[in-house]
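For reference, the chains in residue letters:
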Amino acid sequence: MELESVPGVGAKTAAALRELDDPEAALRDGDVASLARAPGISEGRAARIARGAIRAEHDDPGGFTATKRAREIHEDALALLTDRTVTDYAAKRLETIYPSGVRSRIEEVRSFAESAMAREPDPAVLDALSAVEPLAQPGDVRVRDRCLATRDAERYADAQAAIPEVSVEVVDDARQLAELARSYSTVVALDEAFAGVDIEGDVRVEPNALEEPESVVPERVLTFFARNRDRIRAAAEVHCVADLDAPCDLETLLSALDQLDEDGSVTGDEELDRLTTAVDDLDAAVSTAESVANDHLREAIEEQDVTIEGTDLLSLVERGAGVDSLLQRELADEYAAAVEKARDHLVDALALRDMEATARRAFPDEPAYPVEHSEDVVARLREELTAARDQRATRRKQELADDLAEMREAAAALVDAALELDVELAIARFADDFDCTMPEVTESEGVAIEGGRSPLLDVPFDEVEPVDYAVEGVTVLSGVNSGGKTSTLDLVALVTTLAHMGLPVPAASARIGRISEFHYHAKTQGTLDAGAFEATLREFGDLVADVDHRSAAAADGAPADGDATADGDGPAAGTDDRPVMVLVDELESITEPGASAKIMAGILEALGERQATAIFVSHLARDIREAAETDISIDGIEAKGLKDGELRVERSPVKGKLARSTPELIVEKLADDGADDADGFYSDLLGKFE
Ligand SMILES: Nc1ncnc2c1ncn2[C@@H]1O[C@H](COP(=O)(O)OP(=O)(O)OP(=O)(O)O)[C@@H](O)[C@H]1O
């Protein structure tokens, strides 16, 4: 996939995306989390880019949600799903599911949603999901105990690029190589020419090292796994609890991870631990060994009665001999025992094995008091121990890295599968929570909803009364105040939006005619001034003209240039017939009632001629019908009557029925009650409603 061919991806964004390991796959999979790891790309932008890629793949011109209220309904629908995700990843991934007018896209999500709905949302799985996150790239690794060496300037540059984790040194000959071997615990020579050269230290000649960087820097694999250890463990837990098929043997993976410390070092290796402790404790052990010897010697001296003959004393004084020689003569055995104790202590404390001989030389044979260690020998011992520790660590790292490298792809697949499960479970829970079914998306116009219950209502979901409503063509929805007209529009809007997202809808059954554009105008608060009124009228004028233009263009086979891109999803290509749905709530409030009715009648007539599906909620249904030149159908949400001063409403609109308004119902009640209407005032009033 050409990155720049994705809508919304310019040269700069494409360059940022190229920093990712596999930007094409991230785009193809709608992997918002990966896309958001590109420099300067926020998660919101990543979701837009992923949507752009999906649109490009499906040749989707976009522009489905054509008004502010339509976009709000999409956002509300999305929130119902994202509220049910455990991971941020799943929430972002759901944002790539958008309402589309393109059948192939709708079908793609439908088949995903259908298998998602078969999932059982188990609380233990949700719990396990909470620690899963997309795999992260480890920060830069710097390895200081190894270096690469070459004689060739060109190879030097290649080596720096291929293995930036270690220093690369230029050497002219074996002597310089030997110098490096003294500074680094391992030197990897890249030139064949060094093969067979005998140098002290860990010098390896590996002409192919640049092709297998991980053999030189096993840390590359180890830091990756160390950084992601908890995420991989959590994903493995999800697989166990949810009984998913894992892409590798989980026990092998987990036991390899158990050998890895969070800083990327190897744990659980006794020999390495022994050597590491020996290096760390060397100074303390030497000093304690000294004390052991001196304590022994001091006690021995204290207990000793030294008898010196006068001539001996004289000769000692004359020769200027020190106490040492006296010590040597009188306490040689005690000194030997003390030193032996010190040596034993050192060897035992550091658990030394093959370096025992060196360690024993740390305390000299020549008697002296106090007993002192040899700095040189201790330094040599330190060098030997450090080299042994580093070599052991490198070998263990190498072995563990070899094991883990084989499981790297499987680990990534393991985490991906866990995250995808979260996306699917969110859909399953949404469907469960709101008793959803998969709608039928047809190529004929109109909507038909049975037992629809909107989760967007301001009442708890289990108190929402089911609504049946079907509309073909244009219709006015009349009804009592607070009868549920706006709520019905919201239900139609939500069901239409979810159906075009490819998702299940909160209804016992639903059939939705596929549309390309969805216009929903919410109720305007209060009368508009002249300027705002003109602007609103223009909006509807443009909508009618646009629908008209599109039908004509489709008939001609010529592309229309209509651009309903208010949602920023890019231009609508308009080369096809673009069926629309228009929902409008009480447009009458924009101006005086007489004028409003005429305006609504005109808009409805125009939309009707153009085969749009439209529902206009209005209290002026009768006036609209009178003002219209064609027959306009009217549906009504009726009150079943008044009970204790409260309206009892039948929430499902009745087809072809102009519902009586609340004032009419009250007048009727007063007229019916003969005692209140002795002079027939209320009956006359009621007559005026007919
Ligand atoms: N299907 C339903 N089930 C339960 N309660 C409902 C349902 N539909 C509407 N309601 C309740 O009725 C209230 C009023 O609904 P709504 O605002 O849709 O009425 P309306 O007919 O548009 O009112 P108005 O004529 O004043 O604009 C809602 O806030 C909700 O509490």
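Being a predicted model, the structure only gives us computed values, none of them experimental.

Colleague: Looking at this structure, I do not really get the overall build of the protein. What am I missing?
Modeller: Scanning the protein for helices and strands turns up 25 helices and 15 strands. A globule of 690 residues ought to have a C-alpha radius of gyration of about 26 Å, yet the protein, at 42 Å, is considerably larger. The principal-axis extents of the C-alpha atoms in the protein amount to approximately 155 × 65 × 50 Å. Within the protein, buried positions represent 41% of all 690 residues. Here the contacts in the protein between residues at least 6 apart in sequence split such that 70% fall between residues at least 24 apart.

Colleague: I keep staring at the nonpolar core and nothing clicks. Help me out?
Modeller: Side chains of nonpolar character tend, in soluble globular proteins, to be buried together. Within the largest apolar cluster, 155 residues are counted, with the highest numbers of intra-cluster contacts made by Val238, Ile427, Ile449, Val492, Val495 and Phe616. Of all the elements, helix H19 (residues 408–433) adds the most residues to this core, at 13 residues. One finds Ile163, Tyr184, Val187 and Val203 within the second-largest nonpolar core, a separate group that totals 19 residues.

Colleague: Honestly, the environment of Val168 in this entry has me stumped. Any pointers?
Modeller: Secondary-structure assignment places Val168 in strand E2 (residues 167–170). Owing to 20 C-beta atoms within 10 Å, Val168 belongs among the buried residues under this scheme. Along the primary structure Val168 and Ala448 are separated by 280 residues, whereas in three dimensions their C-alpha atoms are 72 Å apart.

Colleague: Before we go on, may I ask you to explain the confidence of the model for the protein in this structure?
Modeller: Detailed conclusions should not be drawn from predicted coordinates in areas where pLDDT is low. Looking at the protein, the pLDDT average stands at 87 and 93% of residues meet or exceed 70. Counted against residues more than four places away or in other chains, residues 554–576, with its pLDDT under 50, gives 47 contacts.

Colleague: Even after reading the chapter, I still don't get the pairing of E2, so can you show me in this structure?
Modeller: If a strand is regular, its side chains alternate between the two faces of the sheet. When strand E1 (residues 146–150) meets E2, the two strands line up parallel, connected through 4 bridges. Looking at the pairing, Thr150 lines up with Val170 of E2.

Colleague: Can you walk me through the site of the ligand in this structure?
Modeller: As a matter of local geometry, the ligand sits amid 15 residues, with Glu465, Gly484, Lys485, Thr486 and Ser487 nearest to it. Examining the composition of the shell around the ligand, we find that 3 residues originate from one element, helix H20 (residues 485–501), more than from any other. A per-class count over the shell around the ligand returns 4 nonpolar, 7 polar and 4 charged.

Colleague: Looking at this model, I keep getting lost on the UniProt feature "binding site: ATP" (unreviewed entry) in the protein. Mind explaining?
Modeller: Mapped onto this numbering, the UniProt entry annotates "binding site: ATP" (unreviewed entry) at Gly479, Val480, Asn481, Ser482, Gly483, Gly484, Lys485 and Thr486. Positionally, Val480 belongs in the loop between strand E8 (474–479) and H20. Residues in contact with Val480, not counting those within four places in the same chain, are Ile637, Ala639, Leu647, Val649, Ala659, Ser661, Thr662 and Leu665. The residues contacting Gly484, other than those within four sequence positions of it, are Ile637, Val649 and Arg651.

Colleague: When you look at the sheet that holds strand E3 (residues 186–189) in this model, what are you seeing that I'm missing?
Modeller: Across a sheet, paired strands are connected by hydrogen bonds in the backbone, their directions being either parallel or antiparallel. The 4 strands lie next to each other as E2-E1-E3-E4, forming an open sheet whose pairing is parallel. Where the open sheet ends on each side, the last strands, each with one partner, are E2 and strand E4 (202–205). Neighbouring strand axes in the sheet, compared pairwise and without regard to direction, differ in orientation by 25° on average. When E3 meets E4, the two strands line up parallel, connected through 4 bridges.

Colleague: Sorry if this is basic, but what is going on with the sheet that holds strand E11 (residues 580–585) here?
Modeller: Strand order in the open sheet formed by 5 strands is E10-E11-E12-E8-E13, with parallel pairing between adjacent strands. For this open sheet the edge positions go to strand E10 (517–521) and strand E13 (633–637), each flanked by a neighbour on one side alone. Here the strands of the sheet are splayed against their neighbours by 15° on average, with no regard to which way each runs. Across 5 bridges, the pairing between E8 and E13 is parallel. In the sheet register, Gly479 faces E13, and the bridge partner there is Ile637.

Colleague: Teacher, can you tell me more about the domain arrangement of the protein here?
Modeller: Accessible area lost during the coming together of the parts is what is often quoted as the interface size. In terms of domain boundaries, the protein breaks down into domain 1 (146–216), domain 2 (270–392) and domain 3 (660–690). The centre of domain 1, based on its C-alpha atoms, is set 41 Å off from the matching centre of domain 2.

Colleague: When you look at the pairing of E8 in this model, what are you seeing that I'm missing?
Modeller: By the criterion of burial, E8 is predominantly enclosed, with 6 of the 6 residues buried. Covered by surrounding structure in E8 are Val474, Val476 and Ser478 together with Thr475, Leu477 and Gly479, the residues of both alternating faces. Bridge count for E8 against strand E12 (residues 613–617) is 4 bridges, and the pairing is parallel. Bridge assignment links Val474 to a residue of E12, and that residue is Ala614.

Cut-offs used in this document
- Residues numbered from 1 in each chain as written.
- Predicted model: local features only at pLDDT ≥ 70, side-chain atom pairs only at ≥ 80, totals over all residues.
- Helix = DSSP H or I, 4+ residues; strand = E, 2+ residues; numbered from the N terminus.
- Rg over C-alpha atoms; globule rule 2.2 N^0.38 Å.
- Buried ≥ 20, exposed ≤ 12 C-beta atoms within 10 Å, placed from the backbone.
- Contact = placed C-beta atoms within 7 Å.
- Core = buried A, V, L, I, M, F, W, Y, C linked by C-beta atoms within 7 Å.
- pLDDT = per-residue confidence, 0-100.
- Pairing = 2+ DSSP bridges.
- Near = placed C-beta within 6 Å.
- Nonpolar A, V, L, I, M, F, W, Y, C, P; charged D, E, K, R; others polar.
- UniProt positions renumbered as here; feature names shortened; annotations may be inferred.
- Axes fitted to C-alpha atoms, helices over the stretch in contact; angles between N-to-C directions.
- Domains from an automatic or database assignment.

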